[in-house]
Amino acid sequence: MRKRFNVNGACIPDIHYMVKIDERLKDIEVLIDAGEYFTINRARQYGKTTTLMCLEKYLSEKYIVLSMSFEGVDRDVFAGETEFCGHFLKLLYTSMDYGTKEGIAPQAAEECKDRLKEHNSGFGFWELSVLISDICGSAERPVILMIDEVDQAGNYERFLTFLGMLRNKYLARVKMPTFQSVILSGVYDIKNLKLKIRKDETHQYNSPWNIAADFTLDMSFSVSDICGMLKDYEKDVHTGMNVKEIASLIYDYTSGYPYLVSRICKLIDEQQEKDGIRAGRWTRNGIVNAVDTLLKQPNTLFDDIIKQLAEYPELSRIIQDILFEGTEYPFNSYSMPMNLGLMFGYIKNMNGTAAIANRIFEMHLYQYFLTEKLIKDRVSGLHKNDIRRKITCQSF
């Protein structure tokens, strides 16, 4: 069975067509070698989980990688110090038991196991800190901690206390063994995790993660990246497509947004397979039709866009002004609505001016806001007519 294009969950090289990210992994390795702590904060469905999964495999001989995810964590976990530390201990032990246990000292693994048997009684941040030092200090290789989906913890003060503990250990790393590197992954950066808890301006940038290095790696797909993926596909399917031309057209619509690139490819591939036609779908018209289909079908990315715009009306207003009024907003990352738009992947900095991030978002958002306006105007008109009828009736 040949590989497929994937838009659901992490991509697996053996079963999915995907962009080669070897150079990106080498760039991340430089940060890890330097002992940096950092956050991979990128928009929804931007390849974060895939990157972490590939990074774990890439680093496995050089480092001990303990990976976990906060996805689906119940809010009761954040009810108290003991609850949070106990749950983190479970995730830590699971990572050692089912992941890279080789290189972890047996006594450290046993200590985790014994703590779990005690039902986490009296196990708090101090005990967790000591245990982390025991694990890292006795390990055969430097230990890296990777946590995916940290947004799930972002509404809770307990998580910020945990980050503060990691920061204190980082600052005292010369005296006290700790992780070589800590990598957090999510949509929100840690400053905005703080903002989700305390919205007053005095505290919104007071982050416990101020020791983190900037993560500036471009994770969008270039035309060259898309070409590489399509060449792998072409070896299997032999459509006869002009790979460079098709890759350029896909980029023109998506600006390299990973989900959108893969979604277009998946739609064309599935339609071609359904039609039983070897060639003819991987053309300019085929891409136009795939984009049209993408815009008409509901998907989790578009669902999230609408949800976020409802939650952040100032960001929604900026986007509407750009789309309908042609307003040129100077791009300023210290503007909270603009910073959110950049973080969510909806807007970009184009020569110092805020612009919609890609053509597909532009078309989707234009259609959405236009429809909402027409419905609102229609409802308002009906309401006014009802008032007129009541007044007319009362006058008789």
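Above this note sits the structure.
Residues numbered from 1 in each chain as written. Predicted model: local features only at pLDDT ≥ 70, side-chain atom pairs only at ≥ 80, totals over all residues. Heavy atoms only, no water.

**Focus: the overall build of the protein chain**
Within the protein chain, the secondary structure is distributed over 15 helices and eight strands. Each of the 396 residues in the protein chain was classed as buried or not, and the buried ones make up 49%. Look at the contacts in the protein chain between residues 6 or more apart in sequence, and 74% of them connect residues 24 or more apart. With the model as given, the accessible surface of the protein chain reaches about 20,300 Å², and the carbon-plus-sulfur share is 50%. (Helix = DSSP H or I, 4+ residues; strand = E, 2+ residues; numbered from the N terminus. Buried < 20%, exposed > 50% of the residue type's maximum accessible area, 1.4 Å probe, protein only. Contact = heavy atoms within 4.5 Å. Areas by Shrake-Rupley, 256 points an atom, 1.4 Å probe, with all protein chains shown as cover.)

**Remarks on the packing of helix α13 (residues 313-325) against helix α14 (residues 336-344)**
Across the interface, α13 lies against α14 with an axial gap of 9 Å and an inter-helix angle of 80°. For the element pair α13 / α14, the angle class is roughly perpendicular. Contacts from E314, L315 and I318 in α13 reach P337, M338, L340, G341 and F344 in α14. Considered class by class, the residues forming the contact of α13 with α14 number six nonpolar, one polar and one charged. (Axes fitted to C-alpha atoms, helices over the stretch in contact; angles between N-to-C directions. Parallel < 35°, antiparallel > 145°, perpendicular 65-115°, else oblique. Nonpolar A, V, L, I, M, F, W, Y, C, P; charged D, E, K, R; others polar.)

**Some remarks on the side chain of H16**
Looking at where H16 falls in the secondary structure, it is placed in strand β2 (residues 16-17). Owing to a relative accessible area of 12%, H16 belongs among the buried residues under this scheme. Discounting chain neighbours no more than four positions away, the residues touching H16 are K3, R4, N6, A10 and C11.

**Things to note about the sheet that holds strand β5 (residues 143-148)**
Ordered in space as β3-β6-β5-β4, the four strands form an open sheet in which the pairing is parallel. One side of each edge strand has no neighbouring strand; the edge strands of this open sheet are β3 (38-41) and β4 (64-69). Sheet twist, expressed as the mean angle between neighbouring strand axes with direction ignored, is 15°. With six bridges joining them, β4 and β5 adopt parallel strand pairing. Across the sheet, the residue bridging to S69 is D148, located in β5. Most of the contacts of helix α1 (residues 22-33) go to β3, to which it runs at about 155°, and overall it touches β3, β5 and β6 (181-186). (Pairing = 2+ DSSP bridges.)

**Considerations on the pattern of salt bridges**
Applying the stated criterion across every chain, the model contains 15 salt bridges. When the shortest N-O distance is used, the salt bridge between K20 and D232 registers 2.9 Å. With K20 in the loop between β2 and α1 and D232 in helix α8 (residues 223-237), this residue pair connects regions lying 212 residues apart in the sequence. Between D321 and R317 there is a salt bridge, and its shortest N-O distance comes to 3.2 Å. Note that D321 and R317 are positioned in helix α13 at a spacing of four residues, about one turn of the helix. On the basis of relative accessible area, D321 is assigned to the buried category, the value being 13%. The exposure class of R317 is partly exposed, given its relative accessible area of 43%. (Salt bridge = Lys/Arg side-chain N within 4 Å of Asp/Glu carboxyl O.)

**Side note on the environment of E328**
Tracing the sequence through the fold places E328 in the loop between α13 and α14. Taking relative accessible area as the criterion, E328 reaches 65% and is therefore assigned exposed. Each C-alpha atom of the pair E328 and I318 lies 9.6 Å from the other, and the pair is 10 residues apart in sequence.

**Observations regarding the nonpolar core**
Residues L230, I319 and F361 are the most contacted members of the largest nonpolar core, which totals 81 residues. Residue contributions to this core peak at seven residues, all from helix α10 (residues 258-275). When sequence neighbours within four positions are dropped, the list of residues in contact with I319 reads L309, Y346, I347, I356, L365 and F369. By size, the runner-up hydrophobic cluster in this structure holds 47 residues, among which are L128, F159, L163 and L184. (Core = buried A, V, L, I, M, F, W, Y, C linked by side-chain atoms within 4.5 Å.)

**Some details on the layout of surface pockets**
What the largest pocket holds in volume is close to 1,300 Å³. Along the walls of the largest pocket sit 41 residues, with N41, R42, D189, F215 and L342 positioned nearest its centre. Those elements giving two or more residues to the lining of the largest pocket turn out to be β3, α7 (190-197), α9 (243-254), α14 and β7 (347-350). In terms of residue count, α14 provides more of the lining of the largest pocket than any other element does, four residues in total. The space that makes up the second largest pocket amounts to roughly 830 Å³. Around the second largest pocket sit 43 residues that line it, and G9, Q45, G47, K48 and T49 are the ones nearest its centre. When residues of the lining of the second largest pocket are traced back to their parent elements, those giving at least two are α2 (48-59), β4, β5, β6, α10 and α12 (300-311). (1 Å grid on protein atoms, 1.4 Å probe; cavity = no way out; pocket = protein on both sides within 12 Å on 5 of 7 lines; lining within 4 Å. Points joined across faces, edges and corners; volume = space filled by probe spheres on them.)

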